[in-house]
Structures are given as structure tokens and as C-alpha cells.
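# Understanding the architecture of this molecule
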Amino acid sequence: MSEKKNLQGVKEIAKLANVSIGTVDRVLHNRPGVAKATKERVLAILNEHNYSPNLIGRALSKRKLITLAVMVPKSSEESAFWDAPLKGIQRAVSELEIYQVKLELFLYDQNDRLSFIEKFEELKKAKVDGLVLAPTFLKESKQVCLYSDEENIPYNFINSNLEGCNNLAYYGPDLFQSGTLAARLISLLNKPNEEFLIVHVSKELEEDHHILIKEEGVRSFFKKHNIEQKMKHLIILGTDYSYVSNKLETYLKSSNPKSILVSNSRVSTIARFFEEKQISGIRLIGFDFLPENVEYLQKSTIDFLICHKPLEQGYQSIMSLFAQVNTQKTPPKINYSPLDVICKENYQYYQN
């Protein structure tokens, strides 16, 4: 039996047994972590289709090691957003274990440009076959792209996109459309000419280009539909709670918005301020299905969360990168995530 047929056989076995190829791999190599009934089912299918476990296992063990690098922000106390994409990435690598795939993580601080540069230097010293990149810092991210182009390393973008780069694909939300969706929610919550506020909470707004694209989507929606709204925006160049709360408290002393849209995942910071100051009557909208956000969604302090399936972004970014490295199968350039609207009444049924 040829190696190619052996590998095709693994996929067929996995499909017939309704398990992952990683599970088939564990059965073939008699590794723990597989239920007895599942193991017996896989072995029965092997026997039925005349596949030799020894031959398949031998062919798989001879495959070249493929190293895939991931350069994304690490989770922090202020936001656990990147836990979800990393879970998706790790799930994909687990399923690709059978193909000798190794994962190299280069996790940087999304509030620290030097941290990004340091991880880039580490990446250059590693020998990698592909890269998943979250392009947080514009100038530095373009340098990573140029390096990858020079070294013929295929790369995917995740969560936010950069125009004019030679990336293989993008996995993440249509940020402009995320903004228009938020605007539609505001139009349903606010009466004409009632004030609403967009709050940007970021240490470096210029680098958080994705939240500016969302604001463009908001403005476009109201212009397109000729809806009169008193749109204001508040830029808070810091993420520490005390700093954010002071800025927001100062703003609200002279303004009375009926709705507030927080343009990124830090909406829980605003919700915490509402709770501590016992502020009510202002509708609050934000992004991302994070534990800290869901906590305030349950309390109805946050009215709506717009979510983008980050776990799936991570999973698909790795799977398509592997397909390109392993079989030269090129994915579609743009792969948009769903735009899901979550509220108190449906959050318990949602899977991120």
C-alpha cells in the first residue's frame, strides 16, 4: 500500500467512523484518550476496508515535520478575547497531529509595540513553514509581511485585515459591516435626533485601525438611510479602569446619550462604571462574547454584543494554511466570520 493511499485511507476511516483524523491517529498508535467503543469502531472499519494499521502508521511517521507559527496578542487581565482564537488554533493543530504539524506561538502584548517587535525577532530566528498573524501594529505588521514574502512563507491574517499585502487569506469579521450592524441596532433603540456615543478605548488608537473601520460603517449606515442622529465620539487613550471611568464620568457631566457603542471588546469596562455609579437608562452595545462581557449581559447592563466566532477564525486560519503548505491548495482570499447579535435572552445558547 503506497503512502499516498495510506493517507487517503486515514481520511476515509475518520469519515466512516465519524471521528477526527487525530482520533484515528491515536487508535493507529495505540495512544490513550479514545473511548473503548470508538476504538473498536475504528479498528472494525480498518479491517472491513483492508487497511493495515502498521503500514498506515509507518507511512505517517515518515512525513516531514511542518512548523506553523502564530503571532497574535496574548490574553490579559483587561481582555480575554484572544483565548478563543487560540483555542481554535490548538484544536486545529490537534487534528493535524497525524500530519506531523508543530505549533510555534509568538504571543505579544497588544498594548506594547516593543513586545510585537521582540516576537518578530524571535520569529525570524525560527524555521517556520507558515504563519498566522494578527496585524495589530500597522508599520511593524507590514515588516512581518515583507519578511514572509522574502522568505516565501505563506501567511494568513486573523481578526483584522491589511490591504495591499500578499497574505494567503483573511479570517475574521467584515469590520465595516460590523459597524453598520451596530448602527442598525442604535437606530432601533434611539428616537430620531437622540444622541448616541461611540467610545473608543485603546492605548494607541491609530494602531487599532479595526475600530476606526467600524466607526466608518456606523456613519455610512446613517448617511445611506438618511437617519438623523446626534452622533458623538469619545476617545479614551488608556485601558486602566480608573482612567477610563474618570474620562467617561467627565464626559457624562455635560452630555446625555441615550445609547453608547463601545467599538471593541472592552465594553465590560463601561458596564462596570454604569454599575458602580448606578447609571441606568443608557443602552449599551459592544463586541465579543467574553466572560466579563457576558456577566454584564446577564444583568442587562449590556444590551447587545456583536460577536464574530473567534474560535472558528483560529481554527480555519490554521487548517487553510496547512492545506496550502501540504498540498498547495489555496483558500479564498477573504473569509468573513458571521455577525451574531447576542442578548440576555439568547446568550446561553451561543457557542463562540
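Residues numbered from 1 in each chain as written. Predicted model: local features only at pLDDT ≥ 70, side-chain atom pairs only at ≥ 80, totals over all residues. Heavy atoms only, no water.

## Thoughts on the confidence of the model for the protein
Summarising the model, the protein shows a mean pLDDT of 88, and 92% of its residues fall at 70 or more. Here residues 1-7 scores under 50 on pLDDT; set against residues more than four positions off or in separate chains, the count is 15 contacts. (pLDDT = per-residue confidence, 0-100. Contact = heavy atoms within 4.5 Å.)

## Description of the nonpolar core
By size, the foremost hydrophobic cluster in this structure holds 56 residues, and its most contacted members are Met-71, Leu-123, Leu-131 and Ile-318. The biggest single contributor to this core is strand E1 (residues 66-71), with five residues. When near neighbours in sequence (up to four residues on either side) are disregarded, Met-71 contacts Phe-106, Tyr-108, Phe-116, Lys-119, Phe-120, Leu-123, Leu-131, Val-132, Leu-133, Ala-134 and Val-144. Of all hydrophobic cores here, the second largest spans 29 residues; its members include Leu-197, Ile-236, Leu-248 and Ile-282. (Core = buried A, V, L, I, M, F, W, Y, C linked by side-chain atoms within 4.5 Å. Buried < 20%, exposed > 50% of the residue type's maximum accessible area, 1.4 Å probe, protein only. Helix = DSSP H or I, 4+ residues; strand = E, 2+ residues; numbered from the N terminus.)

## Topic: a nonpolar patch on the surface
A grouping of Ile-235, Leu-237 and Tyr-243 is seen on the molecular surface, where their side chains present a nonpolar patch of about 260 Å² in accessible area. With respect to the helices and strands, the residue Tyr-243 is situated in helix H10 (residues 241-252). (Patch = residues over 30% accessible without salt bridge, like charges linked within 9 Å, V, L, I, M, F, W, Y side chains within 5 Å. Areas by Shrake-Rupley, 256 points an atom, 1.4 Å probe, with all protein chains shown as cover. Salt bridge = Lys/Arg side-chain N within 4 Å of Asp/Glu carboxyl O.)

## Section: the sheet that holds strand E11 (residues 334-336)
The parallel open sheet is built from six strands, whose spatial order is E2-E1-E3-E4-E5-E11. Two strands in the sheet have a free side with no partner beyond their single neighbour: strand E2 (101-105) and E11. Shown here is a sheet whose adjacent strand axes are inclined to one another by a mean of 20 degrees, direction ignored. Sheet topology note: the strand E3 (residues 130-133)/strand E4 (residues 155-158) ladder contains three bridges and is parallel. Residue pairing in the sheet places Val-132 in a bridge with Asn-156 of E4. Those strands touched by helix H13 (residues 310-327) are E1, E2, E3, E4 and strand E5 (169-172), and its axis lies near 145 degrees from that of E1. (Pairing = 2+ DSSP bridges. Axes fitted to C-alpha atoms, helices over the stretch in contact; angles between N-to-C directions.)

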